[in-house]
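Spelled out, the chains give:
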Amino acid sequence: MTAPRLSIEALTAISLRDGGKPILRKVSLAVGVAEVHGLVGESGAGKSTIAKAMLGIIPSQVRVTGGRIAFEGRDLLAMSGRELREILGRDIALVPQDPSTALNPARRIDAQLTDGLRLKRGLSAAEARRRARALLEEVQIRDPDRVLRSYPHQLSGGMRQRVLIAAAFGLEPKLVIADEPTTALDVTVQKQILRLFRALQERHGTSVLFVSHDLGVVAQICDRVTVLYMGKVMEQGATVDVLRAPHHAYTKALLAASPRYDRPDSGLEPTPPEVIAALQAEIARFDVGAAESGDG
Amino acid sequence: MEHWSPTATIADTGPRPPSVAVRLARDPKVAVAGGFIVLLIVLAVAAPLIAPKDPLEQNLLLATVPPAGFAQAEPGYLLGTDGLGRDVLSRVIFGTRVSLTVAFVAAGLACLIGSLLGLLAGYLGGLVDTVISRLVDIWMAFPPVLLSILLVAVLGSGLHSVIAAIVVIDWTRFCRVVRTETMGQAQMDYVVAARTIGFTRPAILFREILPNVLPVLIALLTLEMGIAVVVEAILSFVGLSVSSDTPTWGGMIAEGRQIVHEAWWVLAVPLAALFATVVAFNQLGDGLARSLDPVLRR
């Protein structure tokens, strides 16, 4: 196996607001070249914190206390603002969660799509616009000229998400961070966007960190998956293995709580209380261990 | 991926939206109020050509002549004469010069200073925000009319002092509104998205946030022009604006007040001009706010 493009090593973070409550507990994961890696967990599991830490937009009440995020061997957390700004957009791009707020409502699509191309690729206005048009065609937008002229509120949610995907892939980044990119869309649109996303990713050989709470989506798109609970990695492996034969009780509970499209009559199972108790005991044991090793 | 049909599912975006200029012209508020302001600008610029008489020429034999259509009206004095026999119409026309100069220059400068500080406070937050916000709080504790009279008294009367007084007092309006608006916009995902493609903070502030604050800013600027016209009239009324041989609406109102029982038109005509101008600025501000907002517009 070649060296991973992204390697997160023992990433640890605490919340400054809740008296130093841990948010990430020594999270490690690796994303290989052209691999789509799913990062799954319920809300509050720390998925977004990981994504934000990579993009240098970590909220002020969260502090990273240990570990590193190595992108092609360089630690993103140790970089200066200038170094990180250089890499962002060019090598690492974000597909945000909510297409309704991630586009600037006061600027036309062409201005927003060409920003990055002009800033990071040094293209002229005309070149950038030509490239933006080609990008919209690549994300299967039928009428790119009209879309380029439009304001975001004139486009549907699915169209906006296509535009955002075009913007993210537009600079041919090596790594795309997708922060629940389909959560805000209806299921039919979601499916098209996922196919499109996967097609683009395969064509460009992009590595993807795909943050999601939806195991159905992860099953469709991810090669490998990391299951996170309360900031601790519960299970990691090839998507097929993890979803077909989960080892960890939490993964099983998560799977039981997901809707099954192939068996719509089967009810959703809430996480059994004994599983939650066991999970909490596991987290507590980990924290004690971490504290002891920290003291020694 | 074989049943992936590229065109079947894409929502239509509808016909091409009309341009900003067309949309503005279609808004009745903007069209009427804006038309009136344009008329005022023409009057101010071309006053010597348009005014039928010299606004300063006195004729004591023709003092307090009533407007055309009333008994004892004189031909050539459409809106009558004042106590010194000067033509009211010509004086009102020349009065637009001072009013509009103050409206545009004072409101423009107040807008520039206030919104720059507001953008910085709202975007940078922290100590910068604290300092600017406290300054605004302290500033707004002074009663504005008294403060402006005090300022003009200290600076000496004249157009520059009037403008300075309005700017010094009213920048806080812009600062407060722009700060709040900027804070709201800075939380939006598109700002985060701009950071993740590596934009610097000044670039985000001026390229991403400012266009979203602009509709509010333009509306506020227009309203402030109306306010500036009133403040100038107040200062003219109490004799603290330009010297008395330059016709101003406020000055005319002050003169007309003394002879209102004999010649009501000397008071009524500049008052009507002032009223119409302020209403026009306010309506224009309203209409612009509605038409320029990218989310509300259709």
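Below you will find a few notes about this structure. In this text, all values refer to a predicted model and were calculated from it rather than measured experimentally.

Next up on the list: helix 9 (residues 201-237) of chain B. All names here are of chain B. Along its 37 residues, helix 9 runs just 47 Å from first to last C-alpha, ending more than 12% under the 54 Å computed at 1.5 Å per residue. Maximal helix bending in helix 9 amounts to about 55°, located at Leu210; proline Pro211 follows within four positions. Once helix 9 ends, the next one or two residues include Gly239, with phi positive near 75°.

Residues and elements named next belong to chain A. Of the pairings in the sheet, the one linking strand 1 (residues 6-15) to strand 2 (residues 21-31) comprises 7 bridges and is antiparallel in character. Bridge pairing links Ile8 to Leu29 in strand 2. Between strand 1 and strand 2, which follow one another and run antiparallel, lie 5 residues, and Gly19 among them has a positive phi close to 60°. When strand 1 meets strand 4 (residues 62-71), the two strands line up antiparallel, connected through 8 bridges. Following the sheet pairing, Ser15 is matched in strand 4 by Val62.

Residue and element names in this part refer to chain B. Following both chains from N to C, one finds helix 6 (residues 144-155) and helix 7 (residues 159-186) inclined at 140°, their axes separated by 9 Å at the closest point. One finds that helix 6 runs oblique with respect to helix 7. The two elements helix 6 and helix 7 cross, and the hand of that crossing is right-handed. Each of Pro144, Leu147, Ser148, Leu151, Val152 and Leu155 in helix 6 lies in contact with helix 7, whose residues at this interface are Ser161, Val162, Ala164, Ala165, Ile166, Val168 and Ile169.

This part is about the sheet that holds strand 10 (residues 232-238) of chain A. All names here are of chain A. Taken in spatial order, the 6 strands make up an open sheet running 6-7-8-3-9-10, and their pairing is mixed. The outermost strands of the open sheet, each flanked by one partner alone, are strand 6 (92-95) and strand 10. The sheet shows a mean angle of 15° between the axes of neighbouring strands, direction not considered. As paired strands, strand 9 (residues 224-229) and strand 10 are joined by 6 bridges and run antiparallel to one another. Pairing of Val227 across the sheet is with Glu235, part of strand 10. Helix-sheet contacts for helix 10 (residues 249-256) involve strand 9 and strand 10, and the interaxial angle to strand 9 is about 100°.

With that out of the way, let us pick up the pairing of strand 3 (residues 36-40) of chain A. All names here are of chain A. Counting buried positions along strand 3 gives 5 out of 5 residues, so the element sits mostly inside the fold. Residue alternation in strand 3 divides its side chains into two sets, Val36, Gly38 and Val40 and His37 and Leu39, and both sets are buried. Here strand 3 pairs with strand 8 (residues 207-212) via 5 bridges, running parallel. Bridge pairing in strand 8 places Leu39 opposite Val211.

What follows is about the sheet that holds strand 1 of chain A. Strand order in the open sheet formed by 4 strands is 2-1-4-5 (chain A), with antiparallel pairing between adjacent strands. Single-partner strands in this sheet number two, and they are strand 2 and strand 5 (74-75) of chain A.

Attention now goes to the packing of helix 4 (residues 88-124) of chain B against helix 5 (residues 126-140) of chain B. All names here are of chain B. Look at helix 4 against helix 5: their axes get within 7 Å of each other, and the N-to-C directions meet at 140°. With respect to each other, helix 4 and helix 5 are oriented oblique. Crossing handedness for the pair helix 4 and helix 5: left-handed. Where helix 4 approaches helix 5, its residues Leu117, Leu120, Ala121 and Leu124 are matched on the opposing element by Gly126, Val128, Asp129, Ile132 and Ser133. Taken together, the residues that form the contact of helix 4 with helix 5 break down as 6 nonpolar, 2 polar and 1 charged.

Parameters and conventions
- Residues numbered from 1 in each chain as written.
- Chains lettered and ligands numbered in written order.
- Predicted model: local features only at pLDDT ≥ 70, side-chain atom pairs only at ≥ 80, totals over all residues.
- Helix = DSSP H or I, 4+ residues; strand = E, 2+ residues; numbered from the N terminus.
- Expected span 1.5 Å × (residues − 1).
- Bend = angle between axes of the 7 residues up to and from the residue.
- Pairing = 2+ DSSP bridges.
- Axes fitted to C-alpha atoms, helices over the stretch in contact; angles between N-to-C directions.
- Parallel < 35°, antiparallel > 145°, perpendicular 65-115°, else oblique.
- Left-handed = near helix turned anticlockwise from the far one by under 90°.
- Contact = placed C-beta atoms within 7 Å.
- Buried ≥ 20, exposed ≤ 12 C-beta atoms within 10 Å, placed from the backbone.
- Nonpolar A, V, L, I, M, F, W, Y, C, P; charged D, E, K, R; others polar.

Any functional reading would require information that these geometric values do not contain.
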